[in-house]
Amino acid sequence: MRKLFKNTRFFLVIFHLLLGFFLLNQNFAKLYSIVIVSIGFYHIYKTKNRNQEAVLWSAYLAGSDVLFRMSNGMIFHELHKYAIAAYLIFALLIEKQRKPISPIFLFYILLLLIGISFSDIPYPESIRKAITFNLSGPISLGLIALYFYKREISVKRLLDVLFYLGLPSIAMLSLLYLKTPDLKTIIFGGVANFAASGGFGPNQVSTVLGVGAFVLSVHLFYKKSYSTFIILDVLLIIYLFYRNLLTFSRGGFITAVLALGFFITFFVLAGKNTIKNIIKYAGIIGIVGISIWLYTSDVTGGMIENRYTNKNARGVKKDDVTSGRTGIFESELDGLYENPIFGMGVGSGKYKRLEETGMVIASHNEVSRLLGEHGLIGIIILIILFIVPLFNSINQPLFAKAFLGAFFIFWFLTINHSAMRVSFPGFIYGLSLIRIKLNEENIIHR
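Residues numbered from 1 in each chain as written. Predicted model: local features only at pLDDT ≥ 70, side-chain atom pairs only at ≥ 80, totals over all residues. Heavy atoms only, no water.

As for the pattern of salt bridges
Taken as a whole, this structure holds nine salt bridges when the rule is applied. For the salt bridge of arginine 69 with glutamate 78, the shortest nitrogen-to-oxygen distance reads 3.6 Å. On the basis of relative accessibility, which here comes to 10%, the residue glutamate 78 falls in the buried class. Put simply, lysine 81 and glutamate 78 hold a salt bridge, and the shortest N to O gap is 3.2 Å. Like glutamate 78, lysine 81 is buried. What emerges from the salt-bridge pattern is a single network uniting Arg9, Lys156, Arg157 and Asp160. (Salt bridge = Lys/Arg side-chain N within 4 Å of Asp/Glu carboxyl O. Buried < 20%, exposed > 50% of the residue type's maximum accessible area, 1.4 Å probe, protein only.)

Brief notes about the packing of aromatic side chains
One pass over the full model with this rule turns up 40 aromatic pairs. Relative to phenylalanine 266, the ring of phenylalanine 262 lies with its centre 4.5 Å away and its plane at 25 degrees, an arrangement referred to as stacked. Of this pair, phenylalanine 262 and phenylalanine 266 both sit in helix H11 (residues 250–269), four residues apart, roughly one helical turn. The ring of tyrosine 45 has lysine 48 sitting right over it, with the charged end atom 4.2 Å from the ring centre. Of note, arginine 151 hangs over the ring of tyrosine 147, and the distance from its end group to the ring centre comes to 3.7 Å. (Phe/Tyr/Trp six-rings, centres within 6.5 Å; stacked < 30°, edge-to-face > 60°. Helix = DSSP H or I, 4+ residues; strand = E, 2+ residues; numbered from the N terminus. Lys NZ or Arg CZ within 6 Å of the ring centre and 35° of its normal.)

Comments concerning the environment of valine 367
Summarising the element assignment, valine 367 is placed in helix H16 (residues 366–374). Through-space distance from the C-alpha of valine 367 to that of isoleucine 381 is 9.7 Å; in sequence the pair is 14 residues apart. Residue contacts for valine 367: discarding those within four places in its chain leaves Leu382, Phe412, Ile415 and Asn416. (Contact = heavy atoms within 4.5 Å.)

Observations regarding the confidence of the model for the protein
Overall, the predicted model of the protein reaches an average pLDDT of 87, with 90% of residues at or above 70. When the criterion is pLDDT under 50, residues 1–6 qualifies, and its contacts beyond four places in sequence or with other chains add up to four contacts. (pLDDT = per-residue confidence, 0-100.)

Comments concerning H11
The first and last C-alpha atoms of H11 sit 28 Å apart over 20 residues, in line with the 28 Å expected at 1.5 Å per residue. Within H11 the residues assigned to the buried category are Arg250, Gly251, Gly252, Phe253, Thr255, Ala256, Ala259, Leu260, Phe263, Ile264, Phe267 and Val268. (Expected span 1.5 Å × (residues − 1).)

What to know about the side chain of arginine 69
Secondary-structure assignment places arginine 69 in helix H4 (residues 53–70). Engagement of the side chain of arginine 69 in a polar contact is seen with the backbone oxygen of arginine 421, the distance being 3.0 Å. When neighbours within four sequence positions are excluded, arginine 69 is seen to be in contact with Met74, His77, Glu78, Lys81, Phe200, Arg421 and Val422. (Polar contact = N/O pair within 3.5 Å; in protein donor to acceptor, adjacent residues only side chain to side chain.)

Regarding the packing of helix H8 (residues 155–179) against helix H10 (residues 230–246)
The axes of two packed helices give the description: the angle between them and the distance between them. Here H8 crosses H10 at 60 degrees, and the two axes come no closer than 11 Å. Compared by their axis directions, H8 and H10 come out oblique. Once H8 is placed against H10, the crossing between them reads as left-handed. Contacts from Ser169, Ile170, Leu173, Leu176 and Tyr177 in H8 reach Leu236, Tyr239, Leu240 and Arg243 in H10. Classifying every residue of the contact of H8 with H10 by side-chain character gives seven nonpolar, one polar and one charged. (Axes fitted to C-alpha atoms, helices over the stretch in contact; angles between N-to-C directions. Parallel < 35°, antiparallel > 145°, perpendicular 65-115°, else oblique. Left-handed = near helix turned anticlockwise from the far one by under 90°. Nonpolar A, V, L, I, M, F, W, Y, C, P; charged D, E, K, R; others polar.)

Right, dumping it as structure tokens:
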């Protein structure tokens, strides 16, 4: 019993299960977010970032961004993006072992700023808001990358980072349980479901639940229990995937599955008895996955199949598999063709679509937004974002590639269905730039 009470991980998991209840109170949510950000700064200053404390606090904020938005706990909308960037730059300035700054990401930030000169925002819209809405995510990514680029982090510390990244998803589970009406009263169809997502954006809720499922699964494969109780870990993973499916948002679910699939593949290849392990893991994952799918299908009246086969509630095939995103993508490519060098200018894409369709439609795809609003410069920006993680991972062993590749997949697929409206994509991209320190005992041979 004494060991149980001394176990920090277990109590943090239980605390976050209870936290979902307290976040129903908007005032508590605001107070909690302020306290967390403040304590983070104090802790980083006190420790001088000796053990990557800034990364732990940043991970928690990256994971909790959507949680506080859906509980109305943000004192201002971009709090977590700014706080994470501030944590990591502050840590760079105060840590004793100074790390050289990579000029490539300073260049990347400067390239982003060029597009501001070409912004065409109609009166009386706020130019400042239009620019910050579109650039806060990419610029925060650049600042985060300055910290992480080729920074050495041990596997043990990386698992700690993932632990804190996943905690908010556990709080989200209890918050969703309390905010979601009886599932029997929810009408499921062929579109993303706000009711089953706690009344918040299914796309973003699905992303966080996917991150939680990925983090807990990684711990399970590494034979390091997330909560210290394997049974509790397995139950949480199953419930995370189940609630993810109920959002009817395909992006977050598919992203988590692909990132986890990549991790498992390289993790298994890095060990011994590769064939035996592939058969074992494939069998277990297959049985659990099919069971979750069949149960979800029963709860949703078979509508989950319609959603993932791109059919409407009547079972009729829909023309657009992207839920309207193709039109936005094409609109932004038109901006590239019309202004190939500098693009339409930062924030101008939304107003171009307003003129064409009469509707205000924000971009969901960061890749097409960079192309349409930044032109040739956007292409250079994307090349930088792709090439740097690739070269960083080339000379690292398979075990490290399992992590780095999964982080990159999370970033790339997330920005393709949810842009960079929350802080998670910038943070997970930063993790794809690290150098993972491995010892022989780090790799578990099976």
